[in-house]
Structure formats: structure tokens, C-alpha cells
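Architecture at a glance
The residues making up each chain are set out below.
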Amino acid sequence: MIGLGLLNTPQHYTVITFAAIGAGLKFIDDTFDENVFDKRFAGVVAPALVIMALIMSANDTAAATLLLSILLAVIFAGKVDNLVFKVNAFVFLVLFCVTASFNLLWFHLAILTAAGIIDERGNDYIDSQHDTSKFLRAFFAHRCMMKVSMLLLCVFSPLSWLYFFALLAFDAAYDSVKWLSDCKKERKGVTATES
């Protein structure tokens with residue numbers, strides 16, 4: 001494997017980096033799926049996210065495990081559904097194989113990937129207007145299965161709490177961009193109705 005030691009990311013930037021990746025992924029998603037944001041800017045953000053994720057993965061086993069579990073979950077759940085995501089996911093996986101150490105936390109990877117798939121399936125279920133309890137609707141709207149799994153892994157295995165907060169930052173940033181996107185779509189709808 002080729003190491004990227006010279007590009008080492010200080011550990012205290014981990015939470016910020018995960019937040020940036022979460023926000024960037026939702027930004028790209030809503031740009032190309034919903035036509036909400038500027039495509040030229042999204043075209044710059046996409047490779048930047050790949051580079052950030054690769055730097056973290058090459059130098060931090062736990063971060064690599066978490067990032068890979070998120071990516072595998074969306075792939076297995078069929079959520080890589082636009083060309084930009086497909087290209088960037090492919091590039092990340094190829095470069096990951098070249099640059100990252102495969103000394104991954106395999107048990108954690110399996111648990112988090114499975115939890116992520118459950119989150120994606122649950123999110124689809126509540127989005128399809130099935131009648132569910134408020135608890136389940138909130139649980140899957142915020143994709144809490146992976147959060148609960150990470151919490152348990154931090155409690156019962158020697159995994160730093162840093163990665164639980166990194167996951168929270170990822171999801172909070174993702175949800176924040178979703179909120180901004182929804183507001184922008186709502187404004188566009190109001191403007192279209194008025195005209």
C-alpha cells in the first residue's frame with residue numbers, strides 16, 4: 001500500500017472534516033437530484049470531498065472504517081443514483097485500495113455497514129408514507145441506527161468517542177444542508193406560484 005503520511009490530518013480536525021464531508025455529500029445530492037444548488041460549484045466540491053476522505057482514510061484506521069461503512073451502506077441500499085456520485089464513489093474506492101491501509105476494524109465495519117443499510121431502508125419506508133409511530137419516523141428520518149451502533153461500539157469496544165462525535169457532526173451537517181435545500185425549494189415554489 002502507498003501511505004500518505006505527509007498528508008497526515010491532525011486528530012482534532014476529525015470532527016470538522018466529517019462535518020464537511022456530510023455537508024458536501026448532501027450538497028452534491030440535492031444539486032444533481034433536485035437542481036437546488038449551483039452545478040459548477042458542486043463539480044468542485046465533489047473531488048474535494050474525495051481528497052479529504054482519502055487523506056483521513058490513509059492515516060486513521062477508525063476514520064477509514066467509518067467512511068467506508070457509510071459509502072458501502074449507500075451503495076448496497078442503491079442510493080448512489082446519479083452520475084457524479086457514481087464516478088466519485090468509484091474513484092474513492094479505487095484510490096482507497098491504493099492508498100489506505102487494510103488494517104481496518106472489520107467487526108466495526110460490518111456492524112456499521114449493516115446499521116447504515118437499515119437506516120437507508122427505514123428512511124425509504126417512512127418516505128413512502130407508510131403509517132408508522134412517531135418514534136420510528138423520527139428514528140429513521142435522522143438515520144439513528146448507525147448512531148446507536150456507534151454509541152454501543154464506543155461503550156463496549158476500545159473505540160475512541162471521537163468517532164461517535166464525528167458521526168454526529170457528519171449527520172448534523174448533512175441534515176443542515178437538507179434543511180437549507182428544503183427552504184430554497186420552498187422559496188422557489190412560492191415564487192413560481194406568485195408568478
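Before reading further, recall that the structure is shown in the block above.
Keep in mind the model is a prediction, meaning the values are calculated, not measured. (Residues numbered from 1 in each chain as written. Predicted model: local features only at pLDDT ≥ 70, side-chain atom pairs only at ≥ 80, totals over all residues. Heavy atoms only, no water.)

**What to know about the nonpolar core**
Counting 44 residues, the largest nonpolar core has Phe18, Leu66, Phe92, Phe96, Met150, Leu159 and Tyr163 as its most contacted members. Broken down by secondary-structure element, the contributors of at least two residues to this core are helix H1 (14–34), helix H2 (39–59), helix H3 (61–76), helix H4 (83–99), helix H5 (106–127), helix H7 (144–156) and helix H8 (162–194). In terms of residue count, the dominant contributor to this core is H3 (nine residues). In this structure, phenylalanine 92 is in contact with Val50, Ala53, Leu54, Ser57 and Leu71, ignoring residues within four places of it in sequence. (Core = buried A, V, L, I, M, F, W, Y, C linked by side-chain atoms within 4.5 Å. Buried < 20%, exposed > 50% of the residue type's maximum accessible area, 1.4 Å probe, protein only. Helix = DSSP H or I, 4+ residues; strand = E, 2+ residues; numbered from the N terminus. Contact = heavy atoms within 4.5 Å.)

**Focus on the packing of aromatic side chains**
All told, the structure shown has seven aromatic pairs when counted by the stated rule. Centre to centre, the rings of phenylalanine 27 and phenylalanine 37 are 4.7 Å apart; their planes meet at 20 degrees, and the pair counts as stacked. Residue phenylalanine 27 is found in helix H1, and its partner phenylalanine 37 is found in the loop between H1 and H2; the two are separated by ten residues along the sequence. Neither phenylalanine 27 nor phenylalanine 37 differs from the other in exposure class; each is buried. (Phe/Tyr/Trp six-rings, centres within 6.5 Å; stacked < 30°, edge-to-face > 60°.)

**A few points about the side chain of histidine 108**
Tracing the sequence through the fold places histidine 108 in helix H5. The class of histidine 108 is buried, set by a relative accessible area of 12%. There is a polar contact of 2.9 Å between the side chain of histidine 108 and the side chain of serine 157. With near-sequence residues (within four places) excluded, histidine 108 lies in contact with Thr65, Leu153, Ser157 and Leu159. (Polar contact = N/O pair within 3.5 Å; in protein donor to acceptor, adjacent residues only side chain to side chain.)

**Brief notes about the packing of H1 against H2**
Their axes nearest at 9 Å, the elements H1 and H2 cross at an angle of 145 degrees. The two elements H1 and H2 cross, and the hand of that crossing is left-handed. Mapping the contact onto sequence places Thr14, Thr17, Phe18, Ala20, Ile21, Gly24, Leu25, Phe27, Ile28, Thr31 and Phe32 in H1 and Lys39, Phe41, Ala42, Val45, Ala46, Leu49, Met52, Ala53 and Met56 in H2. For the contact of H1 with H2, a count of residues per class yields 15 nonpolar, four polar and one charged. (Axes fitted to C-alpha atoms, helices over the stretch in contact; angles between N-to-C directions. Left-handed = near helix turned anticlockwise from the far one by under 90°. Nonpolar A, V, L, I, M, F, W, Y, C, P; charged D, E, K, R; others polar.)

**Here we look at empty space enclosed by the protein**
Picture a little ball the size of a water molecule; that probe, rolled over the atoms, points out where space is still empty. Applying the stated criterion across every chain yields a total of one cavity of 30 Å³ or more. Considered as a void within the structure, the largest cavity measures approximately 30 Å³ in volume. Ala62, Thr65, Leu66, Leu105, His108, Leu112, Met150, Leu159 and Tyr163 together form the lining of the largest cavity. Elements supplying a minimum of two residues to the lining of the largest cavity: H3 and H5. For the lining of the largest cavity, the element with the highest residue contribution is H3, accounting for three residues. (1 Å grid on protein atoms, 1.4 Å probe; cavity = no way out; pocket = protein on both sides within 12 Å on 5 of 7 lines; lining within 4 Å. Points joined across faces, edges and corners; volume = space filled by probe spheres on them.)

**A word on the layout of surface pockets**
Approximately 1100 Å³ is the volume attributed to the largest pocket. Secondary structure elements with two or more residues in the lining of the largest pocket: H1, H2, H3, H4, H5, H7 and H8. Considering only residue class, the lining of the largest pocket consists of 23 nonpolar, four polar and 18 charged.

**A word on a nonpolar patch on the surface**
A cluster of nonpolar side chains, Leu83, Val87, Phe90, Val91, Val94, Leu95 and Val98, forms an exposed patch at the surface whose accessible area comes to about 590 Å². Here phenylalanine 90 shows up in helix H4. (Patch = residues over 30% accessible without salt bridge, like charges linked within 9 Å, V, L, I, M, F, W, Y side chains within 5 Å. Areas by Shrake-Rupley, 256 points an atom, 1.4 Å probe, with all protein chains shown as cover. Salt bridge = Lys/Arg side-chain N within 4 Å of Asp/Glu carboxyl O.)

**Comments concerning the side chain of threonine 65**
In this structure, threonine 65 sits in helix H3. The class for threonine 65 is buried, based on a relative accessible area of 2%. There is a polar contact of 3.1 Å between the side chain of threonine 65 and the backbone nitrogen of leucine 105.

**Things to note about the environment of leucine 109**
Within the secondary structure layout, leucine 109 lies in helix H5. Here leucine 109 falls in the buried class, since its relative accessible area comes to 7%. Linking leucine 109 and leucine 66, residues 43 residues apart in sequence, is a C-alpha distance of 6.9 Å. Apart from the residues within four sequence positions on either side, leucine 109 is in contact with Thr65, Leu68, Ser69, Leu72 and Leu104.

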